[in-house]
There are 2 protein chains.
Amino acid sequence: MAKKVGSPVRGSTTGRPIMVLFDVLGQRWTMRILWELRDGPYTFRALQERCDFVSPTLLNKRLKELREMALVDLTDEGFMLTRWGEELGGTLVALDRWSIRWAKELA
Amino acid sequence: MAKKVGSPVRGSTTGRPIMVLFDVLGQRWTMRILWELRDGPYTFRALQERCDFVSPTLLNKRLKELREMALVDLTDEGFMLTRWGEELGGTLVALDRWSIRWAKELA
DNA sequence: TCTTGACGCTACATAATTTGTAGCATACAT
DNA sequence: ATGTATGCTACAAATTATGTAGCGTCAAGA
């Protein structure tokens, strides 16, 4: 279910890290989940609520993948970003800033 | 087909720019297409080839969306990133760099 | 003019993914 | 035992992606 770095993924046989990342992030809800977890930890249900009530089926599937990729961890406080998850979440902030400028000019 | 900033998108009713972005980038092939176009321009078929022969159906669908979002333009040289597209592509480079470090430690 | 080839793109059937609802099993407190 | 919260699962319906074949247009060559 989760992708291993170095092995082929959807749409790329090279296993290059960025391709693995594109494969995972290019799935619905993955980026949103990482985004919301930036100010975690959250319980499964709390996270579900923050993600506009994404179905538990998919949330569980995504969390499983993210945990296998060492981006998310489940503690007794709830689900939270690992060190790597935090870093990745940080790069999303750049996206956020860009999107605001972009939206401003497009409007 | 394309998402307008400020209007609701899948999984978010706020229309916040970052949510619009998550909606679009969280579709298969979108990030990959932007990534490959960084050293464009490419013809439809050349781009398809670079994207591991993604189906023309989907490539066309994505390019349509990206053009409506002012990220991609079709010139007589082929498909290429607009100014905004270049900027967004630039933020993907950060992802690339991060993914390499991440893969190195996970391996 | 008749091919030949490249262009962007579309139709359509099949396969894979996502959604939404209901609910399970466990644990812990009342 | 009863209520409540936890993470998580089953399953059918809806949506999205894939792969193949091929269309209509245009420009260059014979």
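(A) Spatial organisation of the interface of chain A and chain B. Across the boundary between the two partners, chain A contributes 40 residues, which contact 41 residues of chain B. Together, the buried faces of chain A and chain B total about 3,800 Å²; carbon and sulfur atoms form 71% of this surface. Taken as a group, Trp84(A), Trp98(A) and Trp102(A) account for 19% of the area that chain A buries against chain B, more than any other trio of residues on that side. At the boundary of chain A with chain B, the tally comes to 6 salt bridges. Salt-bridge contacts for Asp96(A) lead to Arg16(B); the nearest nitrogen and oxygen are separated by 3.8 Å. The interface formed by chain A and chain B includes 10 residue pairs in polar contact (both at pLDDT 80 or more). Here the side of chain A that touches chain B takes 16 residues from helix H5 (residues 83-106) of chain A, the largest share from any one element.

(B) Region of the structure containing unusual backbone geometry. The peptide bond linking Gly40(A) to Pro41(A) adopts the cis configuration, its omega dihedral lying at 0°. When you line up the elements, Pro41(A) lands in the loop between helix H2 (30-37) and helix H3 (44-50). Within the chain, Asp52(B) stands out as a residue other than glycine whose phi angle is a positive 50°. With respect to the helices, strands and loops of the structure, Asp52(B) is situated in the loop between helix H3 (44-50) and helix H4 (56-68). On the accessibility criterion, Asp52(B) (34% relative accessible area) is partly exposed. Of note in the backbone geometry, Ala70(B) takes a positive phi value of approximately 65° without being a glycine. Relative to the helices and strands, Ala70(B) resides in the loop between H4 and strand S1 (72-75).

(C) Representation of the relation of the copies chain A and chain B. By a simple turn and slide, chain A fits onto chain B: the slide is 0.0 Å along the axis, the RMSD is 0.0 Å, and the turn is 180°. What the rotation and shift describe, once combined, is the action of a two-fold rotation axis. No C-alpha of chain A lies nearer the rotation axis than that of Gly26(A), which sits 2.1 Å from it.

(D) Representation of the protein's contact with DNA strand D. By nearness alone, 17 residues border DNA strand D, and Phe44(A), Arg45(A), Asn60(A), Leu58(B) and Arg62(B) come closest of all. When the atoms of DNA strand D within 4 Å of the protein are grouped by moiety, sugar and phosphate amount to 54% of the total. Separating a phosphate oxygen of DNA strand D from a side-chain N or O atom of Asn60(A) is a distance of 2.4 Å. Between a phosphate oxygen of DNA strand D and a side-chain N or O atom of Arg62(B), the distance comes to 2.6 Å. Only H3 and helix H4 (56-68) of chain A together with H4 of chain B provide two or more residues apiece to the surface near DNA strand D. When residues in the surface near DNA strand D are grouped by element, the largest group, 5 residues, is from H4(B). Here the residues of the surface near DNA strand D are counted per class, giving 6 nonpolar, 5 polar and 6 charged.

How each quantity is defined
Residues numbered from 1 in each chain as written. Chains lettered and ligands numbered in written order. Predicted model: local features only at pLDDT ≥ 70, side-chain atom pairs only at ≥ 80, totals over all residues. Heavy atoms only, no water. Contact = heavy atoms within 4.5 Å. Buried area = accessible area lost by both parts, 1.4 Å probe. Salt bridge = Lys/Arg side-chain N within 4 Å of Asp/Glu carboxyl O. Polar contact = N/O pair within 3.5 Å; in protein donor to acceptor, adjacent residues only side chain to side chain. Helix = DSSP H or I, 4+ residues; strand = E, 2+ residues; numbered from the N terminus. Buried < 20%, exposed > 50% of the residue type's maximum accessible area, 1.4 Å probe, protein only. Least-squares fit on C-alpha atoms with pLDDT ≥ 70 in both. Near = heavy atom within 4 Å. Nonpolar A, V, L, I, M, F, W, Y, C, P; charged D, E, K, R; others polar.

Spatial relationships are all this shows, so hold off on functional conclusions.
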